[in-house]
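So the chains spell out like this:
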Amino acid sequence: MDNVAHIPSYLSAEHLGPWETYLVQIDRVEPHLAPALRPLAPLLTRPKRALIVDVPIRLDNGEIAHFEGYRVQHNLSRGPGKGGIRYHPDVTLSEVMALSAWMTVKNAVVNVPFGGAKGGVRVDPKTLSTAELERLTRRYASEINILIGQDKDIPAPDINTNEQVMAWIMDTFSMNEGKTAMGVVTGKPVGLGGSLGRKDATGRGVFVTTAEAARHIGLEIAGARVAVQGFGNVGEAAARLFADAGAKVVALQDATGTIHNPAGLDVRATKAWSLAHRALAGAPGSEPMADADFWGVDADILIAAAMENQITAANAGRIRARLITEGANGPTTPEADLILQDKGVTVVPDVLANAGGVTVSYFEWVQDISAFFWTEEEINARLDRIMREAFAAVWDAARARGIPPRTAAFVLGCERVLLAHRLRGLYP
Ligand code: NAD
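Residues numbered from 1 in each chain as written. Predicted model: local features only at pLDDT ≥ 70, side-chain atom pairs only at ≥ 80, totals over all residues. Heavy atoms only, no water.

1. Let's talk about helix α6 (residues 233-244)
Here comes step 1: Taking 1.5 Å of rise per residue, the twelve residues of α6 would be expected to cover 16 Å, and the 17 Å separating its terminal C-alpha atoms lies within 8% of that figure.
Here comes step 2: Here α6 lies mainly inside the structure; nine of its twelve residues are buried.
Here comes step 3: On the buried face of α6, the contacting elements are α5 (198-216), β6 (225-229), β7 (248-254), α7 (267-277) and β10 (301-304). (Helix = DSSP H or I, 4+ residues; strand = E, 2+ residues; numbered from the N terminus. Expected span 1.5 Å × (residues − 1). Buried < 20%, exposed > 50% of the residue type's maximum accessible area, 1.4 Å probe, protein only. Contact = heavy atoms within 4.5 Å.)

What follows is the structure, encoded as structure tokens:
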């Protein structure tokens, strides 16, 4: 890997983690960049800024616990930073760096005026009470206060964070600033400057881009068999939209297990069941399935909407779907990518497929700044248009250059970032 030379001293070269996946992707993209921009590519292999914070909180039992928190701004050439905040025990600096870099590329692919950023706290939120979670969120927000702001860096939800967490961050930031600052985060509750349509936006973007890809490879969505990994914000919305369009959701997997029905699962009933029982197993009209067997399910379309590094060299060979859409960030390892390419599987890459969330976050930010709110129909119509246009740009570039859609999406995104950088010039 050429970019190994650029590994910063604050990461372990032996255990590079998700940042390595990102560097390999940049290695694969570099030769395809416009010759005039190629010399600027090293900019993409270094985050602009990384803040590591200690987040001490008082637990309900009176003890004090400490958690590691991060906020990384990968690149701000095209606008303020934008990217979610993740609460997960496996959060690392490497992961937050990679996620921030994918945000840089993603924001450029859908051409919203943001740079890339991401944040996270290394915590299992399930072990905290609601009051502890609020204290953790408020302390973390105060610690990253120096980086965030409506025109500096705008967080949003990611794994294990939601609109309540965003409301706490918005309130904490507002208290510190002495004024209500709605535009500091997106993914807020609708009653607090949030946008209609934001909740389903990522799943909707996954659905729209998958439908476009399916059309191009001659696959009908009505009647198609779809397997979905991840049944949270992204996976549930995507599964519901596929079912509504006449597809059969034949398998669902989340952190609690895997269920299956070749005739199609009832997505809404499964959602109600999993909310009530905190598990997929036992959902009406479903059969349990071994987690490992999920990858070999007989399906036309596979939606990866859980975590990174799920489709690996170990399971890629078993996947039977013709079309894979990455609702999650970084679900496919670079080795698995090559296996899927050899098998002729079409992969709609994360930086395109899951950009629906940040696109409606952009709408939310615009609505907050202008204090003028749009209807859900306007939002969905604008979202669908942006996703279709971005898909067409990526698909056409992939076809024209004979490269996979992921490389084409990265070329499109990276060239936009590097062009903005060149136009601005190197400071000072
Ligand atoms: P979420 O917390 O709402 O849901 C995550 C889902 O994945 C849950 O159903 C969980 O049970 C499941 N899961 C976790 N670990 C798993 C495992 N090892 N095997 C199988 N399932 C597992 O999170 P989300 O917001 O839906 O995000 C999912 C992915 O989509 C993440 O990669 C996130 O970065 C990405 N993403 C989210 C958004 C958004 O708007 N929420 C936008 C862009 C990208």
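2. Remarks on the site of the ligand
Here comes step 1: Around the ligand, the structure places 22 residues, and the nearest of them are Asp158, Thr202, Phe231, Ala255 and Asn329.
Here comes step 2: Measuring from an oxygen atom of the ligand, one finds a backbone N or O atom of asparagine 160 at 3.5 Å.
Here comes step 3: A distance of 3.4 Å is found between an oxygen atom of the ligand and a side-chain nitrogen or oxygen belonging to arginine 198.
Here comes step 4: Taken by itself the ligand offers 820 Å² of open surface, and the protein chains cover 81% of this.
Here comes step 5: Broken down by secondary-structure element, the contributors of at least two residues to the shell around the ligand are α5, α6 and β7. (Near = heavy atom within 4 Å. Polar contact = N/O pair within 3.5 Å; in protein donor to acceptor, adjacent residues only side chain to side chain. Areas by Shrake-Rupley, 256 points an atom, 1.4 Å probe, with all protein chains shown as cover.)

3. Concerning empty space enclosed by the protein
Here comes step 1: Under the definition given, this model contains one cavity of 30 Å³ or more.
Here comes step 2: Of the volumes computed, that of the largest cavity is approximately 40 Å³.
Here comes step 3: Every residue along the wall of the largest cavity is listed here: Ala227, Phe294, Trp295, Val297, Ala299, Leu302, Ile319, Arg320 and Ala321.
Here comes step 4: In the lining of the largest cavity, the residues fall into eight nonpolar, no polar and one charged. (1 Å grid on protein atoms, 1.4 Å probe; cavity = no way out; pocket = protein on both sides within 12 Å on 5 of 7 lines; lining within 4 Å. Points joined across faces, edges and corners; volume = space filled by probe spheres on them. Nonpolar A, V, L, I, M, F, W, Y, C, P; charged D, E, K, R; others polar.)

4. Side note on the packing of aromatic side chains
Here comes step 1: Inspection of the entire model under this criterion finds nine aromatic pairs.
Here comes step 2: Plain terms: the ring middles of phenylalanine 114 and tryptophan 365 are 4.9 Å apart, the flat faces sit at 70° to each other, and that makes the pair edge-to-face. You can see phenylalanine 114 sitting in the loop between α2 (93-109) and β4 (115-121) and its partner tryptophan 365 sitting in helix α10 (residues 356-370), a full 251 residues away along the chain.
Here comes step 3: A relative accessible area of 13% means that tryptophan 365 is categorised as buried.
Here comes step 4: Note on phenylalanine 207 and phenylalanine 242: the rings are 5.1 Å apart at their centroids and 75° apart in plane angle, and the pair reads as edge-to-face. (Phe/Tyr/Trp six-rings, centres within 6.5 Å; stacked < 30°, edge-to-face > 60°.)

5. Here's the deal with the pairing of strand β2 (residues 64-75)
Here comes step 1: For β2, the buried fraction is high: nine of the twelve residues fall into the buried class.
Here comes step 2: Taken together, the ten bridges between strand β1 (residues 49-58) and β2 define a ladder with antiparallel strand orientation. In the strand pairing of β2, arginine 49 is matched with glutamine 73.
Here comes step 3: Counting the residues that bridge the hairpin from β1 to β2 gives five residues, and of these glycine 62 lies at a positive phi of roughly 95°.
Here comes step 4: In this structure, β2 lies alongside β4, joined through six bridges in antiparallel fashion. Looking across to β4, one finds that asparagine 75 is bridged to glycine 116. (Pairing = 2+ DSSP bridges.)

6. Here's the deal with the pattern of salt bridges
Here comes step 1: Applying the stated criterion across every chain yields a total of 26 salt bridges.
Here comes step 2: Linking aspartate 153 and arginine 71 is a salt bridge whose minimum nitrogen-to-oxygen distance equals 2.6 Å. You can see aspartate 153 sitting in strand β5 (residues 153-157) and its partner arginine 71 sitting in strand β2, a full 82 residues away along the chain. Like aspartate 153, the residue arginine 71 is buried in the burial classification. (Salt bridge = Lys/Arg side-chain N within 4 Å of Asp/Glu carboxyl O.)

7. Details of the nonpolar core
Here comes step 1: With 87 residues, the main nonpolar core has Trp19, Tyr22, Phe242, Leu252, Ile301 and Phe410 as its most contacted residues.
Here comes step 2: If one sorts the elements of this core by residue count, α2 sits on top with eleven residues.
Here comes step 3: When residues no more than four places from it in sequence are discounted, the contact partners of phenylalanine 242 are Phe207, Thr210, Ile221, Val226, Ala247, Ile301 and Ile303.
Here comes step 4: In this structure, Val53, Val55, Tyr87 and Leu136 belong to the second largest nonpolar core, which totals 28 residues. (Core = buried A, V, L, I, M, F, W, Y, C linked by side-chain atoms within 4.5 Å.)

8. Digging into unusual backbone geometry
Here comes step 1: Residue tyrosine 427 is joined to proline 428 through a cis peptide bond whose omega torsion reads 0°.
Here comes step 2: The residue proline 428 is located in the segment after α12 (405-424) in this model.
Here comes step 3: Of note, the phi angle at arginine 278 is positive, near 55°, even though the residue is not glycine.
Here comes step 4: Its place among the elements puts arginine 278 in the loop between α7 and β9 (287-289).
Here comes step 5: Looking at arginine 278, the relative accessible area reads 72%, which means it is exposed.

9. Looking at a positive patch on the surface
Here comes step 1: A surface patch of like charges, here positive, comprises Lys48, Arg49, Lys152 and Arg424.
Here comes step 2: Considering the arrangement of structural elements, one finds arginine 49 in strand β1.
Here comes step 3: Exposure remark for arginine 49: the relative accessible area of 38% places this residue in the partly exposed category. (Patch = residues over 30% accessible without salt bridge, like charges linked within 9 Å, V, L, I, M, F, W, Y side chains within 5 Å. Lys, Arg positive; Asp, Glu negative; His and termini not counted. Charge placed at Lys NZ, Arg CZ, Asp CG, Glu CD.)

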